[in-house]
Amino acid sequence: MAEPRSLNQRLTDLLVLIATFFAIALSAFQVWQGLHPTLSAPVFRPIHLAWILALAFLLNPLFKFDPRSAVLYFLGRLVDITLIMATCWATYQITIFDYDDISFLLDGLQSIDQTAGIILIVALLEATRRTVGFTMVLIAGLFLLYAFFGDALPSGVASKGFSLEEVIRFHIFSTNGVFGAPLAIAAGVVFIFVLFGAFLQVTGAGQFFIDAAFAVAGKYRGGPAKASVLASAALGSISGSAIANTVTTGALTIPMMKKLGYKPEQAAGIEAAASTGGQIMPPVMGAGAFVMAQFTGIPYSDILLVSIAPAILYFASTLLYVHLMACKLGLQGMSVTEKIGIVMQQGWHFLVPLVFITSLLLMSYSPVLVGIAGCAAILVAAMMRKHSRITFPILLQGMKEGAISAVPISVACATAGIVVGVVGQTGIGLQFTQFLIALSGGHLWSALGLIAIAAVILGMGLPVTAAYIVLSVMAVPALNDFGLGLLTAHMIVFWLSQTSNVTPPIALAAFAGAGIAGASPMKSAIQAFKLAQGFFIIPAMMAFSGLIWIDGELSHFFIGIITTLGLIFAFAGGIEGRLLKPLTHVERGLLLLLALGILFSADVYRLGCLVLVVIIVALNARKPEAVIS
């Protein structure tokens, strides 16, 4: 007979069941609100956040289950339940608050409203600690302290000190702070597209994209690595997480790369660099792109269009490094691959939803409605073929996975809203802009370097979307002062915010890949950093060469594309020491000098440097021992 289950085990099973119900119900609620937006922002956003916080506490207990400390675990679960109940009460107080009553502006909040605000902020920070990490809590806490005690600081960084009532009123009882633009995007369009990604996974569409990538690239030199890049480009945009994409596609691609002959740290680095690139790949581009549309007021369709060329350039850069790496190791392609025709015959119907949502986004339909239409389209597409039809339990599984995947995104965005709110309430953003310009000496290139360093540091403890939000409100005004357009400045910050996933000393996507590959995390991070050079090169070219055509002339844009390609080849050849065949030290040094010339010169000189790069590549190709694959 089976042993009787302990009280803690039964409590855990019950809470898991409740969490599953909450997650499915949240997905249903979000779709309903998207189709029938009857709830106003001051009501919908608190309800969404309360639901998210409840899931965060149910899925991330205060203490992990351990039979040796059963009492401690049980007490921790009681704390979790208490936090959920307190959050629900605070949310109720916020949703019934009378915003039309002018007396609260004149006399301030009542004590019961202040209590509700304090409870919600405390619950949010605790949920952030459990799902995102303590660094995000620390940053939000420091900004709150600045709001309270800014008047006690030196004049250069001082601000008016705000009372507790003023801070609670601004951050909780308004559409600023916690319930500001970051959470608005997370609760609306981001959640729906995360749900869309979950449906892609449970219907088998994700596996189709991986199979198609192997069918296209597997037979070429270093095939599994190139297939990894292609599959990650397709799936990374939709998954919304570079780490999740690394684990999903890496479980298949990393062992195959190792089997072919790549070193474990190389395999991990390739997967991490490719998966991180998925966050800048249209049509979805991760959560940050929707936040960018909200911050800039520029239609998402325009952001999607201008992102296509830079994203292709990034993956071209990654594929080039992968190919050169395979040449240096003397690797060949896979001996047996599925024919692309067979793969397409089995899964062509999964392409329909992607084409459908891309078309709707380009036609400037509401992203929320496009996401809902995409969810419906992927379910209909799955039902079109007998081998991909899903059952009702699988549908519920997709709804559950979508809601659970959205928890850390919404929590991070709500906490990032505190940072954005403090910047707006205190005016510290203007002071930071002046400080950055002064520290850079008035040079754009040094300002970009400082922002890149800040992005890496922030990314050590923040999710990519949160890092972008924090950095954008502080750094974009400075870039505007240097003469860059609004969209160009945001795109630069958005791209640099991705770098933390692949930049040592803390590169979470690379570390995830290292776990699968059985490699050294730091060596994997170094490989990922080298393969992801495009995250630094392309933003620099956005600033200096007009890669964002909406902010510049079309001719300047095309020159930017071809010179960026030359820059990628020059850097890759200089770093790897070969193109079609090994390069001499003189050739490597010359390529690196030409790369710098392309980066910092005017268009006429860029084209001259590009011609020299082409000549070096052509001469390298004519050498008899060159191997072309």
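It should be emphasised that the depicted structure is a prediction, and the values quoted were computed from it without experimental measurement.

### Section: a nonpolar patch on the surface
A cluster of nonpolar residues, L305, I308, I312, L362, W549, I550, L554 and F558, forms a patch on the protein surface that exposes about 690 Å² of accessible area. Of all the elements in the fold, those that place two or more residues in the nonpolar patch are helix 14 (300–329) and helix 26 (554–576). Residue contributions to the nonpolar patch peak at three residues, all from helix 14. Position of L362 among the secondary structure elements: in helix 16 (residues 351–362).

### As for the domain arrangement of the protein
We note that the domain assignment places domain 1 (7–97 + 107–181) and domain 2 (545–624) within the protein. One C-alpha centre belongs to domain 1, the other to domain 2; they are set 50 Å apart.

### Quick notes on helix 27 (residues 585–600)
Taking 1.5 Å as the rise per residue, helix 27 with 16 residues should run 22 Å; its terminal C-alpha atoms sit 23 Å apart, in good agreement. Within helix 27, burial applies to E587, L591, L594, A595, G597, I598 and L599. As for helix 27, its buried residues are in contact with helix 25 (534–545), helix 26 and helix 28 (603–622).

### A closer look at the packing of helix 26 against helix 27
At their nearest, the axes of helix 26 and helix 27 sit 8 Å apart, and the two run at 150° to each other. It follows from the interaxial angle that helix 26 and helix 27 lie roughly antiparallel. Seen from above, helix 26 lies across helix 27 with left-handed handedness. Between helix 26 and helix 27, the residues in contact are T563, G566, L567, A570, F571, G573, G574, I575 and E576 and R588, L591, L592, A595, I598 and L599, respectively.

### A few points about the environment of P521
With respect to the helices and strands, the residue P521 is situated in helix 24 (residues 521–531). Distance in space between the C-alpha atoms of P521 and L329 is 21 Å, their sequence separation being 192 residues. Beyond its immediate stretch of four places on either side in the chain, P521 contacts F511 and A514.

### Some words on the pattern of salt bridges
Considering all chains together, one arrives at eight salt bridges under this definition. R130 is the partner of E126 in a salt bridge, and the nearest nitrogen-oxygen pair spans 2.7 Å. Here R130 and E126 lie together in helix 5 (residues 111–131), a separation of four residues that amounts to about one turn. Take E126 and R130: they sit in the same class, and that class is buried. Ionic contacts of the salt-bridge type, sharing partners, join the residues R77, D80, E126, R129 and R130 into one network.

### Regarding the confidence of the model for the protein
Per-chain confidence: the protein averages 86 in pLDDT, with 96% of residues scoring 70 or above. Between the elements of the protein, mean pLDDT differs from a low of 68, seen in helix 4 (residues 103–107), to a high of 95, seen in helix 2 (residues 41–59).

### Notes on helix 18 (residues 392–426)
Along an α-helix, a turn takes 3.6 residues, which lines up residues three or four apart on a common side. The end-to-end C-alpha distance of helix 18, which contains 35 residues, comes to 51 Å, matching closely the 51 Å that a straight helix rising 1.5 Å per residue would cover. The principal kink in helix 18, of about 30°, is found at V407, preceding the proline P408 by one to four residues. Following helix 18 by one or two positions, G427 has its phi on the positive side, about 80°.

### Some details on a negative patch on the surface
A surface patch of like charges, here negative, comprises D98, D100, D101 and D107. Mapped onto the secondary structure, D107 falls in helix 4. Residue classification places D107 among the exposed residues on the basis of a relative accessible area of 67%.

### Quick word on the packing of aromatic side chains
All chains considered together, the criterion is met by 19 aromatic pairs. With a centroid separation of 6.2 Å and 55° between ring planes, the pair formed by F148 and F149 is classed as tilted. Each ring, one from Y314 and one from W495, has its centre 6.3 Å from the other, and the planes form 80°; the classification is edge-to-face. Highlighted residues: Y314 in helix 14 and W495 in helix 22 (residues 486–497), separated in sequence by 181 residues. For the pair Y314 and W495, one class covers both residues: buried.

Reading guide: rules and limits
- Residues numbered from 1 in each chain as written.
- Predicted model: local features only at pLDDT ≥ 70, side-chain atom pairs only at ≥ 80, totals over all residues.
- Heavy atoms only, no water.
- Patch = residues over 30% accessible without salt bridge, like charges linked within 9 Å, V, L, I, M, F, W, Y side chains within 5 Å.
- Areas by Shrake-Rupley, 256 points an atom, 1.4 Å probe, with all protein chains shown as cover.
- Salt bridge = Lys/Arg side-chain N within 4 Å of Asp/Glu carboxyl O.
- Helix = DSSP H or I, 4+ residues; strand = E, 2+ residues; numbered from the N terminus.
- Domains from an automatic or database assignment.
- Expected span 1.5 Å × (residues − 1).
- Buried < 20%, exposed > 50% of the residue type's maximum accessible area, 1.4 Å probe, protein only.
- Contact = heavy atoms within 4.5 Å.
- Axes fitted to C-alpha atoms, helices over the stretch in contact; angles between N-to-C directions.
- Parallel < 35°, antiparallel > 145°, perpendicular 65-115°, else oblique.
- Left-handed = near helix turned anticlockwise from the far one by under 90°.
- pLDDT = per-residue confidence, 0-100.
- Bend = angle between axes of the 7 residues up to and from the residue.
- Lys, Arg positive; Asp, Glu negative; His and termini not counted.
- Charge placed at Lys NZ, Arg CZ, Asp CG, Glu CD.
- Phe/Tyr/Trp six-rings, centres within 6.5 Å; stacked < 30°, edge-to-face > 60°.

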